[in-house]
Amino acid sequence: MNQVLTNLDVEPALEGQFGEMPNASFGSLNAAGLVLDSAYQNISKKEWQDLIELAQKASIADRINDMFSGKIFNRSERRPVLHTALRNCSKNPIFVEGKNVMPEIEVVWQRIQSLCNEWDGVTDVIHIGIGGSVFGPQLAVQALANLPGINSREMRMHFAVNIDGEELTQIFRQAKPASTRVIIVSKTFSTTETLMNAKAVVSWLKSNGCSNKQLQGALLAVTANPTAAQLFGITSDHIFPFWDWVGGRFSVWSAVGLCIALQYGFETFMSFLKGAEAIDRHFQETPIEKNVPILMALALLHQQKKYSSTAYAVIPYANALSLFPFWLQQLEMESHGKGVGCGDIPIQNSSPVVFGSVGTNSQHSYFQLLHQGAEIIPVDFIAVGEPMSDIPEAVDHHRILLANCLAQAQALSCGKTSEIPNESYPGNKPSNLIILPKLDAFHLGALLALYESRTVALGILWGINSFDQPGVELGKQLSVPIDSALKNGADIDQSQFDSITSDRIAYLKPYFQ
């Protein structure tokens, strides 16, 4: 009997409704080849029914269709939300204000393919960006880097993210200036950290003998503001556009993911998009009771309401996915870290703190808290069926890796009783198990799109606009006068800052004089 939606008895009317997967005798839901087993969520049949009714009352299916059809979905900024159009490989028309956007997207695909075919003799690529301009691309490049059979162009791909100059110093030690290309990624082309790093890279190229003509050939931009990119000095034929209806943290599917295609080939990039597209079809077309991202969202909402959970862990048992928790942190906490929902209404639940790292490393770190801590912290375990290595011991290593994954989920849920309190495990700690049959571009794209879709579902259920981030702006604004005070030789204008910040500026100021 299937035990995915509930680990209790299942009504006959619900039996057989779940997708089947070879060798998955535990019962499973299948989306784009990914398997979700939520038997350890400890959610009863009645609780699942109530959750599904909650989703229905939120008109979740209608809201999802609104997003896919190009209606205004980011209400605070009056924009559609159409990152899904970027991976619409079937090329079905998608309209924004009466205009089909797919021809423009196809042009970008063609330009990426042409660049992949023409770009020879490049030893190093420096991808400059921050936040959504880098998390997804860096995750994908790293995740695919060492997989058996991957067709890499053997370029070194560097990511310049932090304004801390030490990061650029490391890149400059490795890269060869004469055969380096630079991709500057910024939606607005006004992000301070990105532009400062870009200027530093340009200076490095010039100081190493790069002529103005060579510089023009070396620089590329990915932006929704091509005018600003041209003013920076990038030629129009080296500017790859994306659009204001693409949020930064959802942008890896656009030319923001150019580095994936350059590193592994255009077909690999398209396979990445096709995996995401398969999840999109599932998300839009599948009923709630079988819809994997919606059910994942409902499970997390349930744990918040039942146990007041304020944290959530994601543990990929795959070293190649070590950056996945960092990508997910931005996706969830920047989307949902809000106390006010749509219509300026205070909300009861929003994003938990998202954390995680690869298993089995994490078992020797914070799993003590997960097992015996007072708070209930839901966990997503992510496993890959096929070994991700071609060393002689790969099968044995992978078997032990997955044995640990299954054991941790069992221990969290089932616990252990002991007459010694310190050796007791309370159990009843909820978790999901998500299984990829193998880690390749298609299933990686599906995995990222699965969590993006869960984010959309959570925003609908919580009543939050998942596609703006006003809280990010205040710190940026305050940094400008602080920077001015640090570099200005005059006395600090006390009226601009609170007393503590003034004292801190005064303490640090001598380092910049």
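Preceding this section is the structure that the text describes.
The rules we used
- Residues numbered from 1 in each chain as written.
- Predicted model: local features only at pLDDT ≥ 70, side-chain atom pairs only at ≥ 80, totals over all residues.
- Heavy atoms only, no water.
- Helix = DSSP H or I, 4+ residues; strand = E, 2+ residues; numbered from the N terminus.
- Rg over C-alpha atoms; globule rule 2.2 N^0.38 Å.
- Buried < 20%, exposed > 50% of the residue type's maximum accessible area, 1.4 Å probe, protein only.
- Contact = heavy atoms within 4.5 Å.
- Areas by Shrake-Rupley, 256 points an atom, 1.4 Å probe, with all protein chains shown as cover.
- Lys, Arg positive; Asp, Glu negative; His and termini not counted.
- Charge placed at Lys NZ, Arg CZ, Asp CG, Glu CD.
- Pairing = 2+ DSSP bridges.
- Right-handed = clockwise from strand over helix to strand, strands pointing away.
- Expected span 1.5 Å × (residues − 1).
- Arc of directions from axis to C-beta.

(A) Quick look at the overall build of the protein chain. Looking only at helices and strands, the protein chain has 17 helices and 15 strands in total. Compactness check: the protein chain gives a C-alpha radius of gyration of 24 Å against a globular reference of 24 Å for 513 residues, within 12% of the reference. If one aligns the C-alpha atoms of the protein chain with their principal axes, the spans along those axes are about 70 × 60 × 55 Å. Among the 513 residues that make up the protein chain, the fraction classed as buried is 51%. Summarising the internal contacts of the protein chain: among those between residues at least 6 apart in sequence, 72% fall at separations of at least 24. Accessible area for the protein chain stands at about 23300 Å²; split by element, carbon and sulfur atoms hold 51% of it. Taking the 37 positively charged and 49 negatively charged side chains of the protein chain as two groups, their mean positions are separated by 5 Å.

(B) Region of interest: the pairing of strand S7 (residues 124-128). With five of five residues buried, S7 lies mostly within the body of the structure. Because side chains alternate across S7, one face comprises the buried residues Asp 124, Ile 126 and Ile 128, and the other comprises Val 125 and His 127, equally buried. Two strands pair when backbone bridges link them, and S7 and strand S8 (residues 156-160) are joined in this way by five bridges, in the parallel orientation. The partner of Ile 126 across the bridge, within S8, is His 158. A crossover connection joins S7 to the parallel S8 through helix H4 (residues 135-144); in handedness this β-α-β unit is right-handed. Looking at chain direction, S7 and strand S9 (residues 180-185) are connected through five bridges and run parallel. The partner of Asp 124 across the bridge, within S9, is Thr 180.

(C) Here's a closer look at helix H14 (residues 394-414). Taking 1.5 Å of rise per residue, the 21 residues of H14 would be expected to cover 30 Å, and the 30 Å separating its terminal C-alpha atoms lies within 8% of that figure. Among all positions of H14, only Ala 394, His 398, Leu 401, Cys 405, Gln 408, Ala 409, Leu 412 and Ser 413 are buried. For H14, the angular spread of buried residues about the axis comes to 130 degrees, placing them on one side. Buried residues belonging to H14 abut helix H13 (367-372), strand S14 (379-384) and strand S15 (431-436). Positive backbone phi, at 65 degrees, marks Gly 415, one or two positions downstream of H14.

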